[in-house]
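Take a look at the letters that make up each chain.
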Amino acid sequence: MTANLLNYDRQGLIDFLSEMGEKSFRARQILKWIHQSGESDFDQMTDLSKNLRTKLSGLAAVSLPRVMRDHTAADGTRKWLLSVDDAGNGIESVYIPEPNRGTLCISSQVGCALACAFCATGKQGFNRNLSVAEIIGQLWLANKALAKSDADQQLSAVESEATVTPVLPSPRKVTNVVMMGMGEPLANFEHVVTALDIMLDDHGYGLSRRRITVSTSGLVPAIDRLRERCPVALAVSLHAPNDALRDRLVPINQKYPIKALLEACQRYLQAAPRDFITFEYVMLDGVNDGASHAHELVELVKDVPCKFNLIPFNAFPNSGFNRSSPDAVRAFRDILMKAGLVTTVRKTRGDDIAAACGQLAGQVHDKTRRTLKVSMEIM
Ligand code: SAH
Ligand code: SF4
């Protein structure tokens, strides 16, 4: 069977090559070709011997998800729909350009079994975990597409004989990664962590641990494993200030309630690359956005060094929720800020292409006929 080299981090490549009788430094070379140069053709890997290139062509490949759609929104946000198999499953990744950085939001599963009440992915059910190749392939494809757009733009500037160099609105490559696309990254732990290894490797993407954020709905044992194995920046989807409400919005709370979650956050901070946890809080009109909720939240997190990111709810058909009013969001933010909590309100990006948080829907063939019981059993 042909091995897909995108599935391997450096150690994986070393093992694969040693079975072929090759030296370990070849792993570094190949990692660089694939991930730094964006090369998928062994024949172009010119510092490998002809003999090794021929052997690799027989045994291995660099196989990427197929790009089905590539949309750019008015604000520059770009969304790709990627097909990941012949069974009709698709995932989405989103690139968000900002003046000083370019962030890629990556998916980790086809669908999600955790069924948070307000999430489009959760509503679709769960099909399967993504492979390492399908996770890291999103970054590979985004960098490739962004480099191409950049080259095209420069070419058209030359062709139009422009006398002024066009000012690019943003960096044209991925500088930051957030695991906030479809799926719960910590429920696909091994594949996600291997993909993180490649992102962090100097011969891979060379991103620092501070520039990679894993977002979780709160799988407590997996938060501890991440702390030991690969402590990148952590965002936790809190969304409610007490167990009664969180049980309803984020059902996994019934298994790992808030107290256990906050204790895991405290432990995580001992290894984290930043000295705070980011709490995400989706603002749902009349559900979790009142002044009393804000005060309760302040009291709840008083012992956890943290920042808050308030996310205005992004609507999707039949969600059953509404977005909080701008006044309610402001009032909520002010209460947190007055209590000394750094709080930002997430700008909604890519609205016109449904690329905002929780709107990623892809194409999921639900295999689980998911019930809460099922989702809890697989954790
Ligand atoms: N499964 C992970 C990461 C993916 S979701 C998690 O739950 O953290 C990324 C963020 O978007 C989470 O904070 C999630 O709660 C939030 N989100 C989900 N649906 C949303 C919606 N419709 N509007 C706004 N944010 C949403
Ligand atoms: Fe899954 Fe995250 Fe959506 Fe919850 S919010 S259903 S954990 S993707």
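The subject of this paragraph is the packing of helix α10 (residues 291-300) against helix α11 (residues 326-338). Running from amino to carboxyl end, α10 crosses α11 at an angle of 25 degrees, the nearest separation of the two axes being 9 Å. Taken as axis vectors, α10 and α11 run roughly parallel relative to one another. You can see that α10 and α11 cross each other, and the crossing is right-handed. Between α10, through Ala291, His293, Ala294, His295, Leu297 and Val298, and α11, the contact on the second element is made entirely by Phe332, Ile335 and Leu336. Tallied by class, residues from the contact of α10 with α11 come to 7 nonpolar, 2 polar and no charged.

Another point: the pairing of strand β12 (residues 277-283). With 6 of its 7 residues buried, β12 lies for the most part within the structure. As defined by bridge partners, strand β11 (residues 233-237) adjoins β12 across 3 bridges and the pair is classed as parallel. Pairing of Ser237 across the sheet is with Glu280, part of β12. Both β12 and strand β13 (residues 306-312) contribute to a ladder of 7 bridges, which runs parallel. Note on β13: the bridge partner recorded for Thr278 is Lys307. Where the polypeptide runs from β12 across α10 and back to β13, its parallel neighbour, the crossover connection is right-handed.

Three or more residues of α10 are buried, namely His293, Ala294 and Leu297. Along the axis of α10, the buried residues cluster in a sector spanning 100 degrees; they form a single face. Packed against the buried residues of α10 are α8 (243-249), β12, β13 and α11.

Here we come to the side chain of Arg26. Tracing the sequence through the fold places Arg26 in helix α2 (residues 25-36). Lacking a salt bridge, the buried Arg26 has Glu22 as its closest oppositely charged neighbour, with an N-O distance of 4.0 Å. Residues within four places of Arg26 in sequence aside, it is in contact with Leu17, Asp47, Leu48 and Leu52.

Another point: the site of ligand 2. The immediate surroundings of ligand 2 are formed by Cys112, Leu114, Ala115, Cys116, Cys119, Gly122, Gly183, Glu184 and Ser217. Per-class residue counts for the shell around ligand 2 are 5 nonpolar, 3 polar and 1 charged.

Phe118, Ser215, Ser237, His239 and Asn314 are the nearest of the 21 residues found near ligand 1. Within the backbone of Phe118, an N or O atom sits 2.9 Å from a nitrogen atom of ligand 1. The protein chains hide 96% of the 530 Å² of surface that ligand 1 would expose on its own. Mapped onto the shell around ligand 1, the elements with two or more residues apiece are β10 (212-216), β12 and β13. Residues of the shell around ligand 1, tallied by class, amount to 10 nonpolar, 9 polar and 2 charged.

Bringing the nonpolar core into the picture now. Grouped together as the largest cluster of nonpolar side chains are 108 residues, with contacts concentrated most on Phe118, Met199, Leu226, Phe279 and Phe308. Take this core: its biggest share by element is 10 residues, from helix α5 (residues 132-159). In terms of domain composition, this core takes at least three residues from each of domain 1 (3-61) and domain 2 (66-378). Every residue in contact with Phe279, bar those within four places of it in the chain, is listed here: Val236, Leu238, Leu262, Cys265, Val301, Val304, Cys306, Lys307, Phe308 and Asn309. Among the nonpolar cores identified, the runner-up in size contains 6 residues, and Ile96, Cys105, Met180 and Ala235 belong to it.

A word on unusual backbone geometry. Non-glycine residue His239 carries a positive phi angle of around 70 degrees. Position of His239 among the secondary structure elements: in the loop between β11 and α8. Since its relative accessible area comes to 4%, His239 is described here as buried. Of note in the backbone geometry, Asn318 takes a positive phi value of approximately 60 degrees without being a glycine. Here Asn318 is to be found in the loop between β13 and α11.

Right, let's get into the packing of helix α1 (residues 10-19) against α2. In contact at an axis separation of 8 Å, α1 and α2 are set at 125 degrees when each is read in the N-to-C sense. Taken as axis vectors, α1 and α2 run oblique relative to one another. Classified by chirality, the crossing of α2 by α1 is right-handed. Between α1 and α2, the residues in contact are Arg10, Leu13, Ile14 and Leu17 and Arg26, Ala27, Arg28, Ile30 and Leu31, respectively. Counted by class, the contact of α1 with α2 contains 6 nonpolar, no polar and 3 charged residues.

Taken as a whole, the protein shows an average pLDDT of 91; of its residues, 90% reach a score of 70 or greater. Considering only residues more than four positions removed or in separate chains, one finds that residues 166-170, a stretch of pLDDT under 50, has 7 contacts.

So, on to the pattern of salt bridges. Considering all chains together, one arrives at 17 salt bridges under this definition. Across the pair Arg128 and Glu134 runs a salt bridge, and its minimum N-O distance is 3.0 Å. Overall, the relative accessible area of 11% leaves Glu134 in the buried class. Between Arg227 and Asp224 there is a salt bridge, with its nearest N and O atoms 3.0 Å apart. Remark: Asp224 and Arg227 occur in helix α7 (residues 220-229); sequence separation between them is 3 residues, near one turn of the helix. Comparing Arg227 with Asp224 shows no difference in burial state: the two are buried. Within the structure, one salt-bridge network assembled from shared partners comprises Asp224, Arg227, Glu228 and Arg267.

Scoring rules and cut-offs
- Residues numbered from 1 in each chain as written.
- Chains lettered and ligands numbered in written order.
- Predicted model: local features only at pLDDT ≥ 70, side-chain atom pairs only at ≥ 80, totals over all residues.
- Heavy atoms only, no water.
- Axes fitted to C-alpha atoms, helices over the stretch in contact; angles between N-to-C directions.
- Helix = DSSP H or I, 4+ residues; strand = E, 2+ residues; numbered from the N terminus.
- Parallel < 35°, antiparallel > 145°, perpendicular 65-115°, else oblique.
- Left-handed = near helix turned anticlockwise from the far one by under 90°.
- Contact = heavy atoms within 4.5 Å.
- Nonpolar A, V, L, I, M, F, W, Y, C, P; charged D, E, K, R; others polar.
- Buried < 20%, exposed > 50% of the residue type's maximum accessible area, 1.4 Å probe, protein only.
- Pairing = 2+ DSSP bridges.
- Right-handed = clockwise from strand over helix to strand, strands pointing away.
- Arc of directions from axis to C-beta.
- Lys, Arg positive; Asp, Glu negative; His and termini not counted.
- Salt bridge = Lys/Arg side-chain N within 4 Å of Asp/Glu carboxyl O.
- Near = heavy atom within 4 Å.
- Polar contact = N/O pair within 3.5 Å; in protein donor to acceptor, adjacent residues only side chain to side chain.
- Areas by Shrake-Rupley, 256 points an atom, 1.4 Å probe, with all protein chains shown as cover.
- Core = buried A, V, L, I, M, F, W, Y, C linked by side-chain atoms within 4.5 Å.
- Domains from an automatic or database assignment.
- pLDDT = per-residue confidence, 0-100.

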